[in-house]
Number of protein chains: 2
Amino acid sequence: MNHLADLVDALPPGRVLTDPDVTGSYARDQTFLPPGKPLCAVTAESREDVIATLRWAAEHRVPVVPRGAGTGLAGGATAVDGCVTLSLTRMTAIRELSPADEIAVVEPGVITADLDRAARAHGLMYAPDPSSYEISTIGGNLATNAGGLRCVKYGVTRDSVLGLEVVLADGRVLATGRRTMKGVTGYDLTGLFVGSEGTLGVITEATLRLRRAPETPPATFAAEFPSLRSAGDAVAAIIAAGCRPSLLELMDRNTLKAIDDWKNIGLEPGVRAMLIGQSDDGRPGAAERMAELCEENGAGFVATSSSPEETEELIGIRRLAYSAKERLGACLVEDVCVPRSALPRMISEIEAAAERHGVLICTVAHAGDGNLHPVFVFDRDLPEPPPHVWAAADEVFRAALALGGTLTGEHGVGVLKRRWLELERAPVAGEMERGIKGVFDPLGIMNPGKAI
Amino acid sequence: MNHLADLVDALPPGRVLTDPDVTGSYARDQTFLPPGKPLCAVTAESREDVIATLRWAAEHRVPVVPRGAGTGLAGGATAVDGCVTLSLTRMTAIRELSPADEIAVVEPGVITADLDRAARAHGLMYAPDPSSYEISTIGGNLATNAGGLRCVKYGVTRDSVLGLEVVLADGRVLATGRRTMKGVTGYDLTGLFVGSEGTLGVITEATLRLRRAPETPPATFAAEFPSLRSAGDAVAAIIAAGCRPSLLELMDRNTLKAIDDWKNIGLEPGVRAMLIGQSDDGRPGAAERMAELCEENGAGFVATSSSPEETEELIGIRRLAYSAKERLGACLVEDVCVPRSALPRMISEIEAAAERHGVLICTVAHAGDGNLHPVFVFDRDLPEPPPHVWAAADEVFRAALALGGTLTGEHGVGVLKRRWLELERAPVAGEMERGIKGVFDPLGIMNPGKAI
């Protein structure tokens, strides 16, 4: 362990943690994957800490697993044996927030919702809002190219990133992108790092695009449907009518039932799906128009509201979804995405897989994007999903690909999806990706075994 | 020339052109750069033609310069000695247009405006609209990550690309991206190809995102300002007020004078700048609100209109800008981009450079993006810009970088900007980009000497 002493020497006091109880708490994310045993954890507080750690890791060929808040759902931050887990959560500075240029320059440990709140003080917003945004970090969002509820209107994390500062595997610093809204000098290295799950380097600063916050509170609707098909038709009608929802979420009956069992929302027997949507562009009647389209496509009960309190009540149902499922058992949260028109078929495929394998699957979808989160519920006492759950998940993944979709819309490949990766990605793409990996990380020390 | 016979044999009859008069017409774009002498031109009509050409080129180590319509302004399609110029303009099929999924799958030779028109037949639009969009191709737009007038609201070409089919330098076919709105499987190879100026492979198909077309004709305003500062303030005020313009163009006095000399638009002596803007989201009073903000920031004359005819009249002034300048002499069209708040300072820097070097510079800006096109006018009889024009351009580039900007917002680096590239890009970025180039094109035959 001589070389560990070198790392301690290279960093300010207290940065290197070696107590196994402590390093264990830095070893996993929100997945069930059994983590490896880290050599140590480093809690970086500056770019210089990251540089020193990577220089040392390169010298000693020690794998580095960068991590934010550990809210990932694909195992991207899972420790490997003998690694340094490099935590960026203490780098929380918002270095700049320019209302005139509508940009922010932030460190990777900034909590996503904190940046949004800081922006709102200037009439701006930070658009990406993964469900974990009150606890997730910008660095983690960048690593996975996180989506969220608002991305039906505002796009994913990539769409809000202008430039990055990255410490490469050998400790050198790379600046990518720019502060301007447009720019085409050189290859798009910024885009390459976003979603690369820490396999190419460690992001130590991001220049992010902010947007004008809506001037009025969003108008909201909720609608109950007698079938998934009719809910899917309503989604298509809402998009086709140019309603531009800022949120459009679908919940299946299993999800609604889990919520009802917990909070008694008065779920009627014939309700098979609920659609909740918002419009934030201030056009009068926007929520009512979407509600009408739901009725025209077979919705029974519909409700609309423009008051913040009632809106909170309607959206609150959606917010309860994950907690309600966690009451039922342990949850494997999945993340397929299909072309929007294939949404009802995808849900049917999920239901069929659930039935075939006797698995309870509760599905929530960012319906406007065709991005579904089927949640596979299993026995809480099991350390990881049992084989019949994986068998059902396998069928769901294959069905998504057969419908022209993808294995992961916003969570990433991590470790969890690597088994299925080659079903989606042609060999030549894998070869090119490994080639790129070799350019940035010739020693293969950056988050090995993840993403590609 | 034995190997040329092999190429002729490998392709259907008529694809290989060797008459120097003909190949010369495929040797340059809209820049002044003297092209090299191509070995031949290939007019590809299919993916198979591209594969055969690249296999042959790899075997014989012949450089390949892919090209669309040749409307580029940075020399990206300029022939090099002994190359094959590979024209994609005959691959014009729109293979699929799905209103339900809001995507189109197209060949690279489709004219940009043709795709937009095809989309509009379904109530959709293809948002990117470089000024050349009636003659430029999608493939060329992808190669340069083209911008345009609407990108202040809808983003650049990259923001409308979901997936690509690319023929690599060795003739293998690579599929990138997906048909879904979101997806994070593997590295972002799609983004890497967009803007790579043909240096990594040849795009033979693109899956593009369409958007709902506005339901009502855009509302338009035009405003005349007594100073550039006041026009810049108006731009800032319009953005800060959340007006979400779908177009926001600034013209300086030199540009307006060139138009007035030609078409007599009644330009008053005190007018130093004109701002023309549109809103396409159908909110009543949107153009009037922007016009008011112009008045509050010192505009003299302002006009607004929601009628298509009057709108055409106002926008028509902007459309005349390039033709008006071309009446004055030969034009070097530049493309710096700065943070939006630096727009007035950048224009001052351009004026100072013009004065110092005795060059006539007429500037048009996509003001909402901070993207300026200073047009350097010089003697039509000269084969290329004279030294004092380059000296002025050099100062303009350096000023843009000093203001936190970039050398090129939407035209690309090509050959033209390579001299200045290292002023913007740190050595480590260049090293990584050359590494990536080596992964995709180990023989270095793809558009050598361009972009990076």
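Residues numbered from 1 in each chain as written. Chains lettered and ligands numbered in written order. Predicted model: local features only at pLDDT ≥ 70, side-chain atom pairs only at ≥ 80, totals over all residues. Heavy atoms only, no water.

1. Some thoughts on the overall build of chain A
Within chain A one finds 16 helices and 18 strands. Here the C-alpha atoms of chain A give a radius of gyration of 22 Å, agreeing with the 22 Å that 2.2 N^0.38 yields for 452 residues. A burial count over chain A gives 63% of its 452 residues as buried. Counting every atom, chain A has about 15800 Å² of accessible surface; 51% of that belongs to carbon and sulfur. Across chain A, 45 positive and 60 negative side-chain charges occur, with their mean positions spaced 3 Å apart. (Helix = DSSP H or I, 4+ residues; strand = E, 2+ residues; numbered from the N terminus. Rg over C-alpha atoms; globule rule 2.2 N^0.38 Å. Buried < 20%, exposed > 50% of the residue type's maximum accessible area, 1.4 Å probe, protein only. Areas by Shrake-Rupley, 256 points an atom, 1.4 Å probe, with all protein chains shown as cover. Lys, Arg positive; Asp, Glu negative; His and termini not counted. Charge placed at Lys NZ, Arg CZ, Asp CG, Glu CD.)

2. Some words on the packing of helix α8 (residues 228-240) of chain B against helix α10 (residues 286-296) of chain B
Residues and elements named next belong to chain B. As a packed pair, α8 and α10 sit with axes 9 Å apart at the nearest point and diverge in direction by 140°. In this view, α8 runs oblique relative to α10, as classed from their interaxial angle. By crossing handedness, the relation of α8 to α10 is classed as right-handed. Together, Ala-234, Ala-237 and Ile-238 of α8 and Met-290, Leu-293 and Cys-294 of α10 make up the contact between the two elements. The residue makeup of the contact of α8 with α10, split by class, is six nonpolar, no polar and no charged. (Axes fitted to C-alpha atoms, helices over the stretch in contact; angles between N-to-C directions. Parallel < 35°, antiparallel > 145°, perpendicular 65-115°, else oblique. Left-handed = near helix turned anticlockwise from the far one by under 90°. Contact = heavy atoms within 4.5 Å. Nonpolar A, V, L, I, M, F, W, Y, C, P; charged D, E, K, R; others polar.)

3. Quick notes on the pattern of salt bridges
If you walk through the whole model with that rule in mind, you get 68 salt bridges over all chains. Residues Glu-431 of chain B and Arg-172 of chain A are paired through a salt bridge, measuring 2.9 Å at the closest nitrogen-oxygen approach. Placement of the pair is Glu-431 of chain B in helix α16 (residues 427-440) and Arg-172 of chain A in the loop between β8 (161-167) and β9 (173-177), with the two residues belonging to separate chains. Accessibility expressed as a relative area gives 38% for Glu-431 of chain B, which makes it partly exposed. Overall, the relative accessible area of 31% leaves Arg-172 of chain A in the partly exposed class. (Salt bridge = Lys/Arg side-chain N within 4 Å of Asp/Glu carboxyl O.)

4. What to know about the relation of the copies chain B and chain A
Laying chain B over chain A is done by rotating through 180° and shifting 0.0 Å along the axis; what remains is an RMSD of 0.0 Å. Here the transformation between the copies is reduced to the relation of a two-fold axis. Both copies contact each other with a shared surface, as 100% of the interface residues of chain B are interface residues in chain A too. (Least-squares fit on C-alpha atoms with pLDDT ≥ 70 in both.)

5. Brief notes about the state of the cysteines
For the structure on display, the rule yields zero disulfides over all chains. For Cys-362 of chain A, which is in no disulfide, the shortest distance to another cysteine sulfur is to Cys-331 of chain A and amounts to 7.3 Å. With no disulfide of its own, Cys-337 of chain B lies 8.8 Å from the sulfur of Cys-151 of chain B, the closest cysteine sulfur. Given the relative accessible area of 0%, Cys-337 of chain B is considered buried. (Disulfide = S-S within 2.5 Å.)

6. A short note on the interface of chain B and chain A
Each partner contributes residues to the interface: chain B has 73 residues there, and chain A has 73 residues. Across the chain B to chain A interface the summed buried area is about 5700 Å²; carbon plus sulfur atoms make up 59%. Sorting the residues of chain B by area buried against chain A places Lys-182, Val-184 and Tyr-187 of chain B first, and these three jointly supply 17% of that buried surface. Connecting chain B to chain A are eight salt bridges. For Glu-410 of chain B, the salt bridge identified is with Lys-182 of chain A, shortest N-O distance 2.7 Å. Connecting chain B to chain A are 26 residue pairs in polar contact (both at pLDDT 80 or more). Among the secondary structure elements, those contributing two or more residues to the side of chain B that touches chain A are β9 (173-177), α7 (189-193), α8, α15 (418-424) and α16 of chain B. Per-element tally for the side of chain B that touches chain A: the top contributor is α16 of chain B, with 10 residues. (Buried area = accessible area lost by both parts, 1.4 Å probe. Polar contact = N/O pair within 3.5 Å; in protein donor to acceptor, adjacent residues only side chain to side chain.)

7. Details of the UniProt feature "domain: FAD-binding PCMH-type" (unreviewed entry) in chain A
Under the local residue numbering, the UniProt record ascribes the feature "domain: FAD-binding PCMH-type" (unreviewed entry) to residues 34-213 of chain A. Annotated as residues 34-213 of chain A, this span is 22% helix and 25% strand, and its ends, taken at the C-alpha atoms, are 41 Å apart. (UniProt positions renumbered as here; feature names shortened; annotations may be inferred.)

8. Focus on the side chain of Glu-205 of chain B
Summarising the element assignment, Glu-205 of chain B is placed in strand β10 (residues 202-209). The contact partners of Glu-205 of chain B, leaving out residues within four places of it in the chain, are Arg-95, Val-105, Val-106, Pro-108, Gly-163, Leu-164 and Glu-165 of chain B.

9. As for the nonpolar core
By size, the foremost hydrophobic cluster in this structure holds 64 residues, and its most contacted members are Leu-174 and Phe-440 of chain A together with Leu-174 and Phe-440 of chain B. Those residues in contact with Leu-174 of chain A, other than ones at most four positions away along the chain, are Leu-164, Glu-165, Val-166, Leu-168, Leu-189, Phe-193 and Phe-440 of chain A together with Val-428, Ala-429 and Met-432 of chain B. (Core = buried A, V, L, I, M, F, W, Y, C linked by side-chain atoms within 4.5 Å.)

10. Structural notes on the sheet that holds strand β4 (residues 84-87) of chain B
All names here are of chain B. Sheet architecture is open: four strands sit in the order β1-β2-β4-β3, paired in mixed fashion. Edge positions in the sheet fall to β1 (16-17) and β3 (64-67), since each has one partner strand and no second. Where β3 lies against β4, four bridges are found, and the strand directions are parallel. Residue pairing for β4: Arg-67 is matched across the bridge by Ser-87. Across the sheet, helix α3 (residues 47-60) is in contact with β2 (40-43), β3 and β4; its angle to β4 comes to roughly 165°. (Pairing = 2+ DSSP bridges.)

11. Section: the environment of Ala-175 of chain A
Take Ala-175 of chain A: it is sitting in strand β9. Accessibility expressed as a relative area gives 52% for Ala-175 of chain A, which makes it exposed. For Ala-175 of chain A, the contacting residues outside a window of four places in its chain are Leu-164 of chain A together with Ala-429 of chain B.

12. Points about the domain arrangement of chain A
Residues and elements named next belong to chain A. Split into domains, chain A comes out as domain 1 (94-212), domain 2 (215-327) and domain 3 (329-411). Once you take the C-alpha centre of each, domain 2 and domain 3 turn out to be 21 Å apart. In this complex, domain 2 contributes 20 residues to the contact, which on the side of domain 3 involves 20 residues. With both sides pooled, the region where domain 2 packs onto domain 3 buries about 1700 Å², and carbon together with sulfur makes up 59% of that total. Area buried by domain 2 at its contact with domain 3 is led by Leu-250, Tyr-322 and Lys-325, which between them contribute 31% of it. Taken together, domain 2 and domain 3 are joined by one salt bridge. Between Glu-351 and Arg-272 there is a salt bridge, and its shortest N-O distance comes to 3.1 Å. (Domains from an automatic or database assignment.)

13. With respect to the packing of aromatic side chains
Residue and element names in this part refer to chain A. Following the criterion strictly, the structure yields eight aromatic pairs over all chains and no others. Where Phe-397 meets Trp-420, the ring centres are 4.7 Å apart and the plane angle is 75°; that geometry is what we call edge-to-face. Of the two residues, Phe-397 is situated in helix α14 (residues 387-402) and Trp-420 in helix α15 (residues 418-424); the sequence distance between them amounts to 23 residues. An identical accessibility class is assigned to Phe-397 and Trp-420; each is buried. (Phe/Tyr/Trp six-rings, centres within 6.5 Å; stacked < 30°, edge-to-face > 60°.)

14. Focus: helix α3 (residues 47-60) of chain A
All names here are of chain A. Across its 14 residues, α3 extends 20 Å between first and last C-alpha, which sits within 8% of the 20 Å expected from 1.5 Å per residue. Along α3, the residues classified as buried are Asp-49, Val-50, Ile-51, Ala-52, Thr-53, Leu-54, Trp-56, Ala-57 and Ala-58. Count one or two residues on from α3 and you reach Arg-61, which has phi positive near 55°. (Expected span 1.5 Å × (residues − 1).)

15. Things to note about the pairing of strand β5 (residues 94-98) of chain B
Residues and elements named next belong to chain B. As paired elements, β5 and strand β6 (residues 103-106) share four bridges and run antiparallel to each other. Paired with Leu-97 across the bridge in β6 is Ala-104. Connecting β5 to the antiparallel partner β6 that follows it, the hairpin turn spans four residues, and Glu-102 within it adopts a positive phi of roughly 55°.

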